[in-house]
Every structure is written in structure tokens, then in C-alpha cells.
Amino acid sequence: MAELTGPRLYSCCNCRNHVSLHDDIVSKAFQGRHGRAFLFSHAMNIGVGPKEDRQLTTGLHTVADIHCADCRQVLGWKYERAYEASQKYKEGKFILEKSKIVKENW
């Protein structure tokens, strides 16, 4: 009998709350505060903190830290606004730090 498998997910490293789908990865070539990070088009089961302007490697952005809705572990940030035209594609997308998420259903 064949095994049924669900979608490949990423979960909070602390409590295993599902936070994003593998299919929503836009890029794996990002840098977070604690190392490598992924850019996602969508995230779920998260809370969004206050917006703030932050100088990042690619210029000034308005971002908001995101945390797990269950345990409140900070997972990365949401890009609210990019000031440079070449960075506008990031607006509304989410950075999840690789060290803060784990794979599920792989």
C-alpha cells in the first residue's frame, strides 16, 4: 500500500508549529541575523511585530520581526517596504532563518 504524504513544511524549531510551505520558497540565498535564511512568499501561524526601518545588506528597508504564534520564538522578519527599486520584489515577503525552522514531512 502506498503511503500518503502531505506537503513539505517548515516548522518552528522550538514548538514544531507549522510556519511555511516548502513550495513558497522564493530564494535560499539570503542572510539572516544568525546565518543563512530563506525568503518565502507566504508564512502562517506567525505574529508580526512593529515596523521599523533597518539598514540591511541590500539597503534600507522597513521590516517587522515575525515570531511563532504559539511559543513567540522570533523566526525572522517581514519586508514591509523596500526603498530601492531593485529590492521592491521583497515587499510583503518573509525571511525565515534556517536555524529557527525545521523540515516536516520530508
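Residues numbered from 1 in each chain as written. Predicted model: local features only at pLDDT ≥ 70, side-chain atom pairs only at ≥ 80, totals over all residues. Heavy atoms only, no water.

Looking up the protein in an unreviewed UniProt entry gives the name Protein yippee-like, with the organism given as Vitis rotundifolia. Its UniProt record gives the protein a comment under Sequence similarities (unreviewed entry), which states: "Belongs to the yippee family." (UniProt positions renumbered as here; feature names shortened; annotations may be inferred.)

(A) Quick look at the side chain of Ser20. Relative to the elements of secondary structure, Ser20 occurs in strand E2 (residues 18-21). Polar side-chain contacts of Ser20 include one of 2.9 Å to the backbone oxygen of His42. Discounting residues that sit within four places of it in the chain, Ser20 has contacts with Leu9, Tyr10, Phe40, His42, Ala43, Met44 and Leu96. (Helix = DSSP H or I, 4+ residues; strand = E, 2+ residues; numbered from the N terminus. Polar contact = N/O pair within 3.5 Å; in protein donor to acceptor, adjacent residues only side chain to side chain. Contact = heavy atoms within 4.5 Å.)

(B) Representation of the packing of aromatic side chains within the structure. With the rule as written, the count across this model stands at four aromatic pairs. On the numbers, 6.0 Å between centres and 70° between planes, the contact of Tyr10 with Phe38 is edge-to-face. Of this pair, Tyr10 sits in strand E1 (residues 9-12) while Phe38 sits in strand E4 (residues 35-40), and the two are 28 residues apart along the sequence. For the pair Tyr10 and Phe38, a shared accessibility class is recorded, and that class is buried. (Phe/Tyr/Trp six-rings, centres within 6.5 Å; stacked < 30°, edge-to-face > 60°. Buried < 20%, exposed > 50% of the residue type's maximum accessible area, 1.4 Å probe, protein only.)

(C) Examining the environment of His34 more closely. Structurally, His34 can be placed in the loop between strand E3 (25-32) and E4. Along the chain, His34 and Lys98 lie 64 residues apart, while their C-alpha atoms are 8.5 Å from each other.

(D) Molecular detail of the UniProt feature "domain: Yippee" (unreviewed entry) in the protein. The residues that UniProt annotates with the feature "domain: Yippee" (unreviewed entry) are residues 8-105. End C-alpha atoms of residues 8-105 are separated by 5 Å, and the span's content is 0% helix alongside 61% strand.

(E) Here's a closer look at the sheet that holds E4. In space, the six strands of this open sheet follow the order E3-E4-E8-E7-E6-E5, with antiparallel pairing throughout. Looking along the sheet, the strands with just one partner apiece sit at the ends: E3 and strand E5 (46-56). In this sheet, neighbouring strand axes are inclined to one another by 30° on average, regardless of whether the strands run parallel or antiparallel. As judged from the three bridges shared by strand E7 (residues 74-82) and strand E8 (residues 94-97), these two strands associate in the antiparallel manner. Each residue of the ladder has a partner; that of Trp77, found in E8, is Ile95. (Pairing = 2+ DSSP bridges. Axes fitted to C-alpha atoms, helices over the stretch in contact; angles between N-to-C directions.)

(F) Structural context of unusual backbone geometry. A positive phi angle, close to 70°, is found at Arg16, a residue other than glycine. In this model, Asn45 sits at a positive phi of 55°, which is unusual for a non-glycine residue. The residue Asn45 is located in the loop between E4 and E5 in this model.

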